[in-house]
Structures are given as C-alpha cells and as structure tokens.
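What follows is each chain in one-letter form.
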Amino acid sequence: MRHDRAEHLAAIPYGSSLEEIQEGVSAEAVSYAAGLLVEAVRTYESAAVSARKQNLSLTEAQMIAANLIAKASARLDDKTIIEQIDRVRKSIREVKP
C-alpha cells in the first residue's frame, strides 16, 4: 500500500517560523514511518507466521505497530541513540545545499 503523502500534509502558511516548519516535517516523517511499520506487520511472512493467513486486520496491525514502537522506546540505549544521531546528522549534511 502506497501512502498518499499529499493527504497527510498540513498546509504551512508563508509566515511560519523555521521551527514550525521543522515540527511539521518531523510529524510527517514519524507518521510515514509508522505507516511503513503497519504495512510491514500486515504483510509479514515467515516460515512460522503469515499475517495474511491470520487475516490480520488494519486495526490489529496498527495496535501491533504501536506495541513495537513502545517496546523499542523502552529499550533505547546509549549505543543506539549515538548511532542514530550520527546517521541522521550525516543524512542532513548530505542533503543541505
């Protein structure tokens, strides 16, 4: 399932501060990532488990995704945070003009 990004974008007036624009972009990115996780759950296939054979509903997949996010949040550690900070900052540097 492909996300319709235009459907989720909030209009940002021209007078907005950079901080407000960045918050909107961050919310969009988090929403998009959560949607990708929901789709990964809905289409999960392994030798032992088939989400399709389980007839997993969208609501169930969303709840599972929320649980996975909460579980990951509870298990954050210094190594993971430092790795992600470095990764994100590198990506930002690569796209800056």
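Residues numbered from 1 in each chain as written. Predicted model: local features only at pLDDT ≥ 70, side-chain atom pairs only at ≥ 80, totals over all residues. Heavy atoms only, no water.

Our next topic: the overall build of the protein chain. On a plain count of helices and strands, the protein chain comes out with four helices and zero strands. Taking all 97 residues of the protein chain together, the buried fraction comes to 10%. Residue pairs at least 24 apart in sequence account for 33% of intrachain contacts in the protein chain once pairs closer than 6 positions are excluded. For the protein chain, the accessible surface area stands at approximately 8,500 Å², while carbon and sulfur atoms represent 57% of it. (Helix = DSSP H or I, 4+ residues; strand = E, 2+ residues; numbered from the N terminus. Buried < 20%, exposed > 50% of the residue type's maximum accessible area, 1.4 Å probe, protein only. Contact = heavy atoms within 4.5 Å. Areas by Shrake-Rupley, 256 points an atom, 1.4 Å probe, with all protein chains shown as cover.)

A separate point is a nonpolar patch on the surface. On the surface, a nonpolar cluster with roughly 240 Å² of combined accessible area is contributed by L76, I81 and I85. You can see I85 is positioned in helix 4 (residues 78–95). (Patch = residues over 30% accessible without salt bridge, like charges linked within 9 Å, V, L, I, M, F, W, Y side chains within 5 Å. Salt bridge = Lys/Arg side-chain N within 4 Å of Asp/Glu carboxyl O.)

Right, let's talk about the environment of E60 for a bit. Looking at where E60 falls in the secondary structure, it is placed in helix 3 (residues 58–74). With a relative accessible area of 38%, E60 lands in the partly exposed category. Separated by 18 residues in sequence, E60 and R42 have C-alpha atoms that sit 8.7 Å apart. Here the side chain of E60 touches S57 through a polar contact of 2.8 Å, landing on its backbone nitrogen. (Polar contact = N/O pair within 3.5 Å; in protein donor to acceptor, adjacent residues only side chain to side chain.)

What follows covers the pattern of salt bridges. Counted by the stated rule, this structure contains two salt bridges. Measuring nitrogen to oxygen at the nearest pair gives 3.9 Å for the salt bridge that ties E39 to R42. Taken together, the residues span about one helical turn, with E39 and R42 both in helix 2 (residues 18–42) at a distance of three residues. Using a relative accessible area of 14% as the deciding quantity, one classes E39 as buried.

It is worth spelling out unusual backbone geometry at this point. With the exception of glycine, the majority of residues adopt a negative phi angle, and the majority of peptide bonds are in the trans configuration. Backbone geometry places N55, a non-glycine residue, at a positive phi of 50°. By relative accessible area, which is 64% here, N55 ends up exposed.

On to the confidence of the model for the protein chain. Predicted confidence across the protein chain gives a mean pLDDT of 83, with 76% of residues reaching 70 or more. Of all the helices and strands in the protein chain, helix 1 (residues 5–8) carries the lowest mean pLDDT, 52, while helix 3 carries the highest, 95. (pLDDT = per-residue confidence, 0-100.)

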